[in-house]
Amino acid sequence: MSVPVSPEEFTTVSPGVRLCYQTFGSPEGDPLVLVMGLGGPMTWWDPQLCTMLAEAGFHVVRFDNRDTGRSSRVRGRVTRTQLVRSFLGRGGKAPYTLSDMAADAFGLMDHLGWESAHVAGVSMGGMIAQTMAVDQPRRVRSLTSIMSTLGKRTVGWQHPTLLPALIGPRVAGREGYVTSSAKMWKLIGSPAYPADEEQVRARAEETYDRGVSASGVMRQMVAILNQPDRSRALASLRIPAAVVHGSADKMVHVSGGRATARAIPGAELLVVEGMGHDMPADLFETLSEIIRRTADRAERTARTDQSA
């Protein structure tokens, strides 16, 4: 049986912020919001994984974050000096925060008519997903945080070899973007699940064609670097949660995932050996299963509460 897939659509979630989104699966399924990471359009949630999640009983929505893909670009200039100062914890006021990005996702849920939903996020998307659960816990049924961290500076750090690539100047043009993107994925990808170079380049080409914004990535980076430590806030959550992290993650050290799991009461931690900072196709089944398992915990709790 084929999975229903909507065309890409748009909705305005706040003044000046219009999101591009797409759904997979039946509207009768359990609502699931997928949140992508830094500079990543919704297409980085692979259609095969989205289809697997729909087949597992979810009504899936993926979307371009603000400053990404076909969604709105937001005003606010970030200089490289401010970016470096943010790395040092002295970045000043950011153009927007992770709470603003969490509010975007809630605005999309409002548009879809979802009072609450299961939420899964990758990297920055995991930070946004955590922030959603902290800011409006009644609207998040379950939380799956993938290769992410909780805002505490002593965990989840980047490998020092990545810093030049993160803050260095960007090469202009499509080929420059594709080449630099391929180099970055080679640095941060999963050593146990090496990516096909042609597929990496094809994804970078698609990403560029959807729309990339160097200034938007800078704004997102400053939002990440200025995020609060959510340790105490996460400790107050009473929702099922799972944390997935790769043992070989150079972008967000595995300590970030371990700390997140420790902070959330009852969270399941899955450390995948040889996984880096990407989602290889070989792990789609693992990811689908843990998102479904975490959601099932929430659904059982909801049924128990209704029958009590």
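On a predicted model such as this, the values are computed, not experimentally measured, just so you know.

**Structural notes on the overall build of the protein chain**
When you go through the protein chain residue by residue, the secondary structure sums to 11 helices and 8 strands. Taking 2.2 N^0.38 as the reference for a compact globule, 308 residues should give roughly 19 Å; the C-alpha atoms of the protein chain span a radius of gyration of 18 Å, in line with that estimate. Taken over the C-alpha atoms alone, the protein chain extends approximately 60 × 45 × 40 Å along its principal axes. Counting over 308 residues, the protein chain shows a buried share of 54%. If you take every contact in the protein chain between residues at least 6 apart in sequence, the share linking residues at least 24 apart comes to 78%. Within the structure as shown, the protein chain displays about 13,900 Å² of accessible surface, and the carbon and sulfur contribution to it stands at 52%. Separation of charge centres in the protein chain, based on 35 positive and 31 negative side chains, amounts to 10 Å.

**Quick notes on the packing of aromatic side chains**
For the structure shown, the criterion picks out 2 aromatic pairs. Seen from their ring centres, W44 and W185 are 5.3 Å apart, and the 75° between their planes marks the pair as edge-to-face. You can see W44 sitting in the loop between β3 (30–35) and α1 (47–55) and its partner W185 sitting in helix α6 (residues 174–188), a full 141 residues away along the chain. There is no split in this pair, since W44 and W185 are both buried. When the centroid spacing of 5.8 Å and the interplanar angle of 45° are considered together, the rings of Y177 and Y208 count as tilted.

**Some words on α6**
Along its 15 residues, α6 runs 21 Å from first to last C-alpha, staying within 8% of the 21 Å computed at 1.5 Å per residue. Along α6, the positions that sit buried rather than exposed are G176, Y177, V178, S181, M184, W185 and I188.

**A closer look at helix α3 (residues 98–112)**
Taking 1.5 Å as the rise per residue, α3 with 15 residues should run 21 Å; its terminal C-alpha atoms sit 21 Å apart, in good agreement. Among the residues of α3, those classed as buried are L98, M101, A102, D104, A105, F106, G107, L108 and M109. Two to three positions downstream of the cap, the backbone nitrogen of S99 sits 3.2 Å from a side-chain oxygen, assigning the N-cap of α3 to T97.

**Comments concerning the sheet that holds strand β6 (residues 140–146)**
On the basis of which strands lie adjacent, the open sheet formed by 8 strands has the order β1-β2-β4-β3-β5-β6-β7-β8 and mixed pairing. Of all strands in the sheet, those with a lone pairing partner are β1 (9–14) and β8 (268–272), marking the two edges. For this sheet, the mean inter-axis angle between neighbouring strands, taken without regard to orientation, is 25°. Those strands touched by α1 are β2 (17–24), β3 and β4 (58–63), and its axis lies near 155° from that of β4.

**Quick notes on the pairing of β2**
Among the 8 residues in β2, 7 count as buried, and that is most of the element. As paired strands, β1 and β2 are joined by 5 bridges and run antiparallel to one another. Paired with S14 across the bridge in β2 is V17. Here β2 pairs with β4 via 4 bridges, running antiparallel. Paired with Q22 across the bridge in β4 is R62.

**Quick notes on the side chain of D104**
Tracing the sequence through the fold places D104 in helix α3. D104 sits in the buried class, given a relative accessible area of 3%. Setting aside residues up to four positions removed in sequence, D104 forms contacts with V13, S14, V17, L19 and R66.

**Focus: the nonpolar core**
Core analysis: the biggest nonpolar cluster contains 47 residues, and L32, L34, W45, L53, I146 and M279 have the highest contact counts within it. Among all residues touching L34, those that are not within four sequence positions of it are W45, C50, L53, V60, V61, R62, F63 and A120. Grouped together as the second largest cluster of nonpolar side chains are 40 residues, F106, A129, L150 and A263 included.

**Quick notes on the packing of α3 against helix α4 (residues 124–135)**
Between α3 and α4, whose axes approach to 8 Å, the crossing angle comes to 75°. As summarised for this structure, α3 and α4 are arranged roughly perpendicular, according to the angle between their axes. Facing α3, whose interface residues are L98, S99, M101, A102, A105, F106 and M109, α4 presents M124, M127, I128, T131, M132 and D135. Grouping the constituent residues of the contact of α3 with α4 by class yields 10 nonpolar, 2 polar and 1 charged.

**Brief notes about the pattern of salt bridges**
A complete count under the given rule lists 12 salt bridges for this structure. Across the salt bridge formed by R70 and E8, the nearest N and O atoms sit 2.6 Å from each other. Linking R70 in the loop between β4 and α2 (80–87) with E8 in the segment before β1, this pair joins segments that are 62 residues apart in sequence. Classification of R70 as partly exposed rests on a relative accessible area of 41%. A relative accessible area of 28% places E8 in the partly exposed class. Between R141 and E299 there is a salt bridge whose closest N-O contact spans 3.4 Å.

Parameters and conventions
- Residues numbered from 1 in each chain as written.
- Predicted model: local features only at pLDDT ≥ 70, side-chain atom pairs only at ≥ 80, totals over all residues.
- Heavy atoms only, no water.
- Helix = DSSP H or I, 4+ residues; strand = E, 2+ residues; numbered from the N terminus.
- Rg over C-alpha atoms; globule rule 2.2 N^0.38 Å.
- Buried < 20%, exposed > 50% of the residue type's maximum accessible area, 1.4 Å probe, protein only.
- Contact = heavy atoms within 4.5 Å.
- Areas by Shrake-Rupley, 256 points an atom, 1.4 Å probe, with all protein chains shown as cover.
- Lys, Arg positive; Asp, Glu negative; His and termini not counted.
- Charge placed at Lys NZ, Arg CZ, Asp CG, Glu CD.
- Phe/Tyr/Trp six-rings, centres within 6.5 Å; stacked < 30°, edge-to-face > 60°.
- Expected span 1.5 Å × (residues − 1).
- Polar contact = N/O pair within 3.5 Å; in protein donor to acceptor, adjacent residues only side chain to side chain.
- Pairing = 2+ DSSP bridges.
- Axes fitted to C-alpha atoms, helices over the stretch in contact; angles between N-to-C directions.
- Core = buried A, V, L, I, M, F, W, Y, C linked by side-chain atoms within 4.5 Å.
- Parallel < 35°, antiparallel > 145°, perpendicular 65-115°, else oblique.
- Nonpolar A, V, L, I, M, F, W, Y, C, P; charged D, E, K, R; others polar.
- Salt bridge = Lys/Arg side-chain N within 4 Å of Asp/Glu carboxyl O.

Scope: geometric values only; no functional claims are made or implied.
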